[in-house]
Amino acid sequence: MRKKKIKFLIVIVIVNFSCARFRVEKLQNEELFSIPINENINSLSFPEQKGLFHEIPSRMGIYENKLIVSEPSNRQIKIFNKNKLELIIASKEYQKIKVTQQEIKNKELKTQPKTEKPVKTILADNLSIPGMIIAGQDEDFYVVSYFSEKEMPKNIQNEKAENIDQKNNDEEESDNQIDSQKSTGFYKILHFNIKGELLGIIGRQGKTEDHFENILWMDVDSDRGFWVTYSYAEEVYLERYVDNMLRETFTKNMCRDIVFSTISKSQDYIYSCENMFPFSNAEKVIFVGRVDKIPDRSEVNSQGLIFQKRIFLIRDLATQENKIIFNNLNDPEDYPYIPYDKNISLWQFKDHSTTKISLYSLEGDLLKNLQIELPGNRHAWRSTYLTLSGFFYSIRIQKNNLMIYRWK
């Protein structure tokens, strides 16, 4: 009888432990900023069409009580301190045009400019059209700056033209590859402090003069290293910069070769690298490999690639050792995202307003499930993301206000 009791208690403990592991912890939101969107200089200004604001950047810099926001059409960056505008960093050339246009408008209307106390404005030579922003660790931030074709230096225009000519002469290149070289502009990453002083310019592969074609993601680790993921010439790169100097480079080709180095391959499958992300301590990176089956084209109702599985591999940057965490994750809905602290995060978008985040240890054990539920009108929420510093943020546009929430 005593043995049966002990077995029963063991079963209860195991069941309770399993339930605890699979329990979902709903995160609560905290409003950090709420800033009006209107024509007032001390507010934010975004283009509006049929009551919908657009050109809202997907990420904004948040540093202690400061919010750093891009206004792409106005070619300026605004820094708010507790919802109060503190500083404007503006494109030097565009600001000259804007001021001249306003002077002409005032003269035509025979009006004088508003007597509001002017906000301190710094004109930046290298700023063109600002976009995504991420905050650093030392009262600094990084901003993506887009330059149109007309603003390109001649050496870059010539480089692009040569690339197109070379591809046109290569019969094996596809039309898509040629078209990818005909983009209408390019990107640089500018590094500022919150006083508006330019600290540096980051270009592709650490060369200030070289441009980016498409920037996919960027963030700052706990050791003040800046990470950026971008695509260029049909390759995807993950790079780390320290003091604006290139320190680490990874590519999706490298990622694919490492993940599938010990796996026998079949011509019936496609093996690719789906994601590359660093850990917040900059000691490791995670490579996510994906396997898709090529459908049988002889079938009448043949479909596209058929997802098979994902493989998660951790690479230690100090020892260059590799460790496979998951070898057969077969739920296509589990989207691999950046690590949360020292753990792996998998996101599942349950519906338009609910996201579940599963956290796993580096041993592959499920630690806990988090859930974000967006209240109110789903279309008011623009983006929800996780930073390397471990914060979940959401951007919301409601009642002509831009609102920033943190989930915890």
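Heads up: the structure comes first, above all this text.
Everything numeric here is computed off the predicted structure, so don't read it as measured data.

Participant: Residue-level account of the overall build of the chain, with values.
Facilitator: Assigned secondary structure in the chain consists of 5 helices and 28 strands. Taking all 408 residues of the chain together, 46% fall into the buried category. Residue pairs at least 24 apart in sequence account for 52% of intrachain contacts in the chain once pairs closer than 6 positions are excluded. Approximately 22,700 Å² of the chain is accessible, and the part contributed by carbon and sulfur atoms is 48%.

Participant: Please set out the state of the cysteines residue by residue, giving values where relevant.
Facilitator: In this structure the tally under the stated criterion is 1 disulfide. Across the disulfide from Cys 255 sits Cys 273; the S-S distance is 2.1 Å. Across the S-S bond linking Cys 255 and Cys 273, the dihedral sits near 85°, which makes this disulfide right-handed. Residue Cys 255 is found in helix H5 (residues 252-259), and its partner Cys 273 is found in strand E18 (residues 269-278); the two are separated by 18 residues along the sequence. Side by side, Cys 255 and Cys 273 carry an identical accessibility label, which is buried.

Participant: Please provide a residue-by-residue account of the pairing of strand E23 (residues 343-349), values included.
Facilitator: Judged by how many residues are buried, E23 sits mostly within the fold: 6 of 7 residues are covered. Pairing of strand E22 (residues 335-340) with E23 involves 4 bridges; the strand directions are antiparallel. Across the sheet, residue Pro 336 finds its bridge partner in E23, namely Leu 346. Inspection of the sheet shows E23 paired to strand E24 (residues 354-360) by 6 bridges, in the antiparallel sense. Among the inter-strand pairings, Leu 346 is bridged to a residue of E24, identified as Ser 358. The hairpin turn running from E23 into E24, its antiparallel successor, is 4 residues long.

Participant: Describe unusual backbone geometry, with residues and values.
Facilitator: Positive phi is not limited to glycine here, since Lys 82 has a value of about 55°. Residue class for Lys 82 comes out exposed when judged on its relative accessible area of 58%. Unusually for a residue other than glycine, Asp 243 sits at a positive phi of about 55°. Turning to its location among the elements, Asp 243 is positioned in the loop between strand E16 (235-242) and strand E17 (245-251). Asp 243 gets classed as exposed once you look at its relative accessible area, which sits at 68%.

Participant: Pulling in residues and values, what's your account of the pattern of salt bridges?
Facilitator: One pass over the structure, following the stated rule, counts 15 salt bridges. Between Glu 30 and Lys 408 there is a salt bridge, with the nearest N and O atoms lying 3.4 Å from each other. One end of the pair, Glu 30, is in strand E2 (residues 29-36); the other, Lys 408, is in the segment after strand E28 (401-407), and 378 residues separate them in sequence. On the basis of relative accessible area, Glu 30 is assigned to the partly exposed category, the value being 30%. Across the pair Lys 92 and Asp 125 runs a salt bridge whose closest N-O atoms are separated by 3.3 Å. Highlighted residues: Lys 92 in helix H2 (residues 92-109) and Asp 125 in the loop between strand E9 (121-124) and strand E10 (129-135), separated in sequence by 33 residues.

What counts and how
- Residues numbered from 1 in each chain as written.
- Predicted model: local features only at pLDDT ≥ 70, side-chain atom pairs only at ≥ 80, totals over all residues.
- Heavy atoms only, no water.
- Helix = DSSP H or I, 4+ residues; strand = E, 2+ residues; numbered from the N terminus.
- Buried < 20%, exposed > 50% of the residue type's maximum accessible area, 1.4 Å probe, protein only.
- Contact = heavy atoms within 4.5 Å.
- Areas by Shrake-Rupley, 256 points an atom, 1.4 Å probe, with all protein chains shown as cover.
- Disulfide = S-S within 2.5 Å.
- Pairing = 2+ DSSP bridges.
- Salt bridge = Lys/Arg side-chain N within 4 Å of Asp/Glu carboxyl O.

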